[in-house]
Structure formats: C-alpha cells, structure tokens
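So you can see what is in the structure, the chains are spelled out below.
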Amino acid sequence: MKVAIYGQYYLVSTEPIIKDIFVFFNNNNVEMVIESDFLKMLYEKKIIENEYNTFSSHDELDSSFDMLISIGGDGTILRAVTLVRNSGVPILGINAGRLGFLATVQKENIAEFMQFVIDKKYKISKRTLLSLTCSPENKAIEGLNFAMNEISVSRKETTSMITIDTYLNDEFLNSYWADGLIIATPTGTTGYNLSCGGPIFTPDVKSLVITPIAPHNLNARPLVIPDTTEIRLKVSGREEQYLVSLDSRITSVANDSILTIKKTNFEINMVEIPEETFLKTLRTKLLWGEDRRN
C-alpha cells in the first residue's frame, strides 16, 4: 500500500497524532510519501528521523497512490484537493484542528481507524466540485479553477455593497445587492454557507445553493438549484475590482467581468470510516441532542 502524507502546519497537539500515524504505517509496511515542506518541518521538530520519498505541494498525485492522508483541519483538506485533482486518489482527513466536517477521524481513534484503512473497510463519499471561468481571462483563476466547498464573490477595499447580476442557464434570476454571494456545493454547505444562514445538504445531494452575504433586501434568501445548472455572474460596484474565492484561494477580478460557474466533470473521493459518518459528524459538531430537555 502506498499513501501520501500532507500537512500544512505543526502544533504541539499534532505531535502524538503524527507519531501514531508513522508508527502504525511503518509497522504495517505501508509506503509513505511525504509532502516536502511538511517533512522538513517534521525533521526540524525531531518528530521523525527516517528518510522518506517526497512530493511537492505544486505536484499532482497520480493513481499509483492508494490514498492521501491529510493531517490538520478542513482547510488542510481543501488544499489537499489541489494535489489530488482528477486523479481519483481518495482523501482521508485526520482532525488535528477544531471544528472539522471533512477531517472526521479524531486523534483518540487513530490506530483503530488506520486499521480500517489497511483492511480497506471504508466507504468512498463522492464530492461534487465547481469550476470557474472568467471573461476576459484571469490568469490567477485559470490555473486552479475548481473548488470543493464554494465559489464566492465579495466586496474589496470598500464598505459599499456590490451588485451581482445572476443568471441561471442564461435566464435572469436576480440582481443581488449585498456584501457578496456564495455558490456552495453539498460539501460546502457546512462552511461559509452555513455561517450566512444557508441550508445544510448531505454530501450525496445533487444540488447547489446560492446564498447572499448580508443582502440589503431581506427577501433575498438562499436558493437551492440542480447541480446541472450553469451560473453566470456579473459584478459591479464603486471599486474597480472585487474578490473571488475558490475555497481558500482568493484573487481580484475587474468589475463587469463575466464569471461562469458549473459542476466539474470529475469528483473528489473522500474516505468515510465506519462509525465516523457525515450524520454522526453533524450531530457532534452542531451539538444536536445535547440540550438537556431532549
């Protein structure tokens, strides 16, 4: 078995997690290939001493890998998606952060859940991605023009709202006057969308949600649409540019550019370990059932 190991940062609390993973895989003769910057960090902290093959954070993993192990929070997984892209390599998230809906494996259960990985006793949860194109072309977008959580537009360097003309399959929907607009996948509904009052979807739902950010008109509510819909946005405002984000990657775009958003032709495979399902994570993270009156 061959796995890629990826992490973005080191915290004292992550040290036992990392040690447990390396000890377990080494004892089970699993080949580990480590992201080069992360491995350098581990050497500096003297967490590990053995030599390992590496890959770069600018690389795209190929199908020779059986799995990518992401150590961190949900943000680390979203970065890991840019390494996997359309290769089909499954991603397993080890939660070394706080509120994680994607990084579901907790540090207390690493050895037990790693055994599920070795025994291939896990399920694959396929996650929809969104692609973005810009007219006129924006080079910052064209490189990594996909997102697993959401694509959003928002105001830049101003307190004034922006106007977002929105079309669905070439039919006019609305001109949102707001701080911004979120186009979220089912995976992304537990992120920025949730903070802005949008609904939660289970990962297998074949829909997207359009959620305004602090709209001026209170009747501008989140809208659920089929994931086959092509969305076109034209943003205008007092400033010459506005912000576009694809998950955690942000760039500036000129006013009156045309953004086209649609589902990608590939999906991301997330590993779902027994007893760590999406519904259990939802109950745990949102404290459902914790009310003593229940």
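Notes on the structure follow.

What counts, and where the lines are drawn
Residues numbered from 1 in each chain as written. Predicted model: local features only at pLDDT ≥ 70, side-chain atom pairs only at ≥ 80, totals over all residues. Heavy atoms only, no water. Phe/Tyr/Trp six-rings, centres within 6.5 Å; stacked < 30°, edge-to-face > 60°. Helix = DSSP H or I, 4+ residues; strand = E, 2+ residues; numbered from the N terminus. Buried < 20%, exposed > 50% of the residue type's maximum accessible area, 1.4 Å probe, protein only. Lys NZ or Arg CZ within 6 Å of the ring centre and 35° of its normal. Pairing = 2+ DSSP bridges. Salt bridge = Lys/Arg side-chain N within 4 Å of Asp/Glu carboxyl O. Polar contact = N/O pair within 3.5 Å; in protein donor to acceptor, adjacent residues only side chain to side chain. Contact = heavy atoms within 4.5 Å. Axes fitted to C-alpha atoms, helices over the stretch in contact; angles between N-to-C directions. Core = buried A, V, L, I, M, F, W, Y, C linked by side-chain atoms within 4.5 Å.

1. Some remarks on the packing of aromatic side chains
- Overall, the coordinates contain five aromatic pairs when judged by the stated rule.
- Judged by centre distance (5.4 Å) and plane angle (80 degrees), the ring pair of Phe22 and Tyr52 falls under edge-to-face. Of the two residues, Phe22 is situated in helix α1 (residues 15-27) and Tyr52 in the loop between α2 (36-44) and β3 (53-55); the sequence distance between them amounts to 30 residues.
- Note on Phe22: relative accessible area 3%, which makes it buried.
- Judged by its relative accessible area of 15%, Tyr52 falls in the buried class.
- Both rings, one in Phe113 and one in Phe116, keep their centres 6.0 Å apart while their planes meet at 25 degrees; by these two values the pair is stacked. With a gap of three residues between them, Phe113 and Phe116 both fall in helix α4 (residues 110-118), about one helical turn apart.
- We classify Phe113 as buried; its relative accessible area is 1%.
- Directly above the aromatic system of Tyr167 lies the positively charged group of Arg232, at a separation of 4.4 Å from the ring centroid.
- For Arg249, the ring lying beneath its charged end belongs to Phe146, and the centroid distance is 5.6 Å.

2. Notes on the sheet that holds strand β9 (residues 146-147)
- The strand order across the open sheet built from six strands is β9-β8-β19-β16-β11-β12, with neighbouring strands paired in antiparallel fashion. At either end of the open sheet lies a strand with only one pairing partner, and these are β9 and β12 (171-178).
- Inspection of the sheet shows strand β11 (residues 162-168) paired to strand β16 (residues 231-236) by six bridges, in the antiparallel sense. Across the sheet, Ile164 pairs through a bridge with Val235, a residue of β16.

3. Observations concerning the pattern of salt bridges
- Summed over the entire model, instances satisfying the criterion amount to five salt bridges.
- Between Lys19 and Glu15 there is a salt bridge whose closest N-O contact spans 3.1 Å. Here the residue Lys19 and the residue Glu15 both occupy positions in helix α1, the gap between them amounting to four residues, near one helical turn.
- Given the relative accessible area of 36%, Lys19 is considered partly exposed.

4. Considerations on the side chain of Ser245
- Residue placement: Ser245 occurs in strand β17 (residues 241-246).
- In this structure Ser245 comes out as buried when scored by relative accessible area, which is 12%.
- Separated by 2.5 Å, the side chains of Ser245 and Ser152 make a polar contact.
- Filtering out sequence-adjacent residues up to four positions away, Ser245 remains in contact with Glu150, Ile151, Ser152 and Ile250.

5. Notes on the side chain of Thr211
- Structurally, the position occupied by Thr211 is in strand β14 (residues 207-213).
- Engagement of the side chain of Thr211 in a polar contact is seen with the side chain of Asn193, the distance being 2.6 Å.

6. Comments concerning the sheet that holds strand β10 (residues 150-154)
- A sheet is described by the order of its strands in space; here six strands give the open sequence β15-β14-β13-β10-β17-β18, paired in antiparallel fashion. If you trace the sheet from one side to the other, it starts and ends with β15 (223-226) and β18 (249-254), each paired once. Strand-to-strand, the axes of this sheet are offset by a mean angle of 20 degrees, without reference to chain direction.
- Two strands pair when backbone bridges link them, and β10 and strand β13 (residues 180-184) are joined in this way by five bridges, in the antiparallel orientation. Directly across from Val153, in β13, lies its bridge partner Leu181.

7. Details of the nonpolar core
- By size, the foremost hydrophobic cluster in this structure holds 34 residues, and its most contacted members are Ile5, Phe25, Ile69, Ile71, Leu92, Ile94 and Ile273.
- Looking at this core, the elements with two or more residues in it are β1 (2-7), α1, β2 (31-35), α2, β4 (67-72), β5 (91-95) and α4.
- Sort the elements by how many residues they give to this core and α1 lands first, with six residues.

8. Some details on the environment of Thr159
- With respect to the secondary-structure elements, Thr159 resides in the loop between β10 and β11.
- For Thr159, a relative accessible area of 74% translates into the label exposed.
- In this structure, the C-alpha to C-alpha distance between Thr159 and Phe113, residues 46 residues apart in sequence, is 47 Å.

Worth remembering: the numbers are spatial, not functional.
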